[in-house]
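Read off the chains here:
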Amino acid sequence: MKTLGIVTIFDNNNYGNRLQNYALQEVLKERNFNVITFRNYHNKNESKFLSTLRRTDLFWLFRSIYFRLKHSPNSQRRLAFEAFTEKNIATSNVILTSDKQKIRNKSIDAVVIGSDQVWNYTFARFSNIDFASFVSEGTPIISYAASFGVSQIPKKLHQQYIAGLSRIKSLSVREISGQGIVRDIIKREVPIVLDPTLLLSTNQWKALASSSTFDTGSSYVLVYMLGELSADRASYINEYALTHKLKVKRLNDISDLELYTANPQDFVKLFLNAKAVFTDSFHACVFSVLFKKRFEIFNRIGESVSMNSRIESLIEILKLKTKNSEHGSQIIEVTAYTNIDVTLESAKTKSLKYLDRALTQLL
C-alpha cells in the first residue's frame, strides 16, 4: 500500500484546520492509501534557536508538561486539540520548522498539498514548505483544494509562487479567486474543488460528533467568530435568541471556559444541534450547510486583508440564495437548501474525479 504525505497548516488551535486535515486524510484512506500529515511549525517571526529546538523530542515533552501544569484556558484548549490530533490524525515523525530542511523519507510515495489557507502569504507560518520544498526532487506532488485565502498576491512575491506552484504536477484550488491567481501567476487553468470537509457525508460527521461527551443541549444559537464580536452584533444576536426563546452559546469565547476548551468533535456536535448559527468563519459556514442550519455570515472585524473570497466562492459553488440583513450580515435560511443535496453531490463527484485522476497519474 502506497503512502501519501499531507502538507497543510498544522494548527492545534483552529477547528476548521483540524477538521479539514482529518477529512482529507479520511478521503485518501478510502482510496486505499496510508496517509500521514507533516508537522509544519514554521514561523518566520521565531528565532533560529527556538525553531531548531522545536525539532527535538525534549522540547515537546517539556511543552506538554508545562501545559498540563499551567491549567490556563489556553493550555487546556491546546491539550484538547492535541488529543484530537493524536487520536484521529496520523502524523510524521519529522518536524518541519525551516524551509531549508530536506528529508529523505523513502516511505513517502507522493505529497498532497492542501486544504485550508496553506498559500496565504499574510500568515507568519507561510514558507516554501507549503510547496513541499522539503521533499527530494522527483517526489510526485499534487494539490487538493489549496487556498490562498486572499484575492491577489503582491508582485514582490510572484517569483516565490511561480517556483512553488510550477513544481506541482496536478493543481487544484478551493476558491474562484485562487483559480484567477494561478492563471495570473503561472498561466495555468486549474479546477476548483470542494473543501475536504464537504467530501465526507453528513453521517460520517455525525459519527465523529457521537464520540463527543460534550452536553450541548438543544435550544441555542451558536456564535463562532474568529474576529471581534462588536457590541452591535452581540446585541443583534441576543435579540434574535430572545425572540426565538433560545440561549446563546459563544464558541471561541474565553469567558465561557467549557466552550473555549471544546475539542473538534465537540465543535461538530455543537453545529449539529444548533438552531441557528452566526459566524465570520468559512468552516462554520461549511458545517452549517452540511447540517442545513439557518446561518448568518458577517465580515470579519480586524482583518488587514479581506479573506471573504473563501465564503463567496462557497456560496456561489453551492448555489445558495442569500439575503442581506440591516445589520450587515448575509442570511441563509433553511429554505435555501431545497436543491442542496443534488448540488453538493454533483460538486463532490467532480472534486473526487479530479482527485482520483491526479492520484492515478502520479502513482
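In this text the structure is predicted, and so the values were computed from the model without any measurement.

**Overview of the pattern of salt bridges**
Reasoning step 1: Under the defined criterion, the tally for this structure stands at 16 salt bridges.
Reasoning step 2: Between Arg174 and Asp195 there is a salt bridge, and its shortest N-O distance comes to 2.9 Å. Remark: Asp195 occurs in the loop between helix H6 (176-186) and helix H7 (202-209) and Arg174 occurs in the loop between helix H5 (158-166) and H6; sequence separation between them is 21 residues. Like Asp195, Arg174 is buried.
Reasoning step 3: One salt bridge in this structure joins Asp341 and Lys292, with 3.1 Å as the shortest N-O distance. Of this pair, Asp341 sits in helix H13 (residues 340-362) while Lys292 sits in the loop between helix H11 (282-290) and strand S9 (294-297), and the two are 49 residues apart along the sequence.
Reasoning step 4: Because the salt bridges share partners, they merge into one network encompassing Arg294, Glu296, Lys323 and Glu333.

**Here we look at the packing of H11 against helix H12 (residues 309-317)**
Reasoning step 1: Look at H11 against H12: their axes get within 9 Å of each other, and the N-to-C directions meet at 20 degrees. One way to sum up the angle between H11 and H12 is to call them roughly parallel. The chirality of how H11 crosses H12 is right-handed. Mapping the contact onto sequence places Phe282, Cys285 and Val286 in H11 and Arg310, Ile311 and Leu314 in H12.
Reasoning step 2: Here the residues of the contact of H11 with H12 are counted per class, giving 5 nonpolar, no polar and 1 charged.

Conventions used here
- Residues numbered from 1 in each chain as written.
- Predicted model: local features only at pLDDT ≥ 70, side-chain atom pairs only at ≥ 80, totals over all residues.
- Heavy atoms only, no water.
- Salt bridge = Lys/Arg side-chain N within 4 Å of Asp/Glu carboxyl O.
- Helix = DSSP H or I, 4+ residues; strand = E, 2+ residues; numbered from the N terminus.
- Buried < 20%, exposed > 50% of the residue type's maximum accessible area, 1.4 Å probe, protein only.
- Axes fitted to C-alpha atoms, helices over the stretch in contact; angles between N-to-C directions.
- Parallel < 35°, antiparallel > 145°, perpendicular 65-115°, else oblique.
- Left-handed = near helix turned anticlockwise from the far one by under 90°.
- Contact = heavy atoms within 4.5 Å.
- Nonpolar A, V, L, I, M, F, W, Y, C, P; charged D, E, K, R; others polar.

Interpretation note: all reported values are geometric properties and have no functional meaning in isolation.
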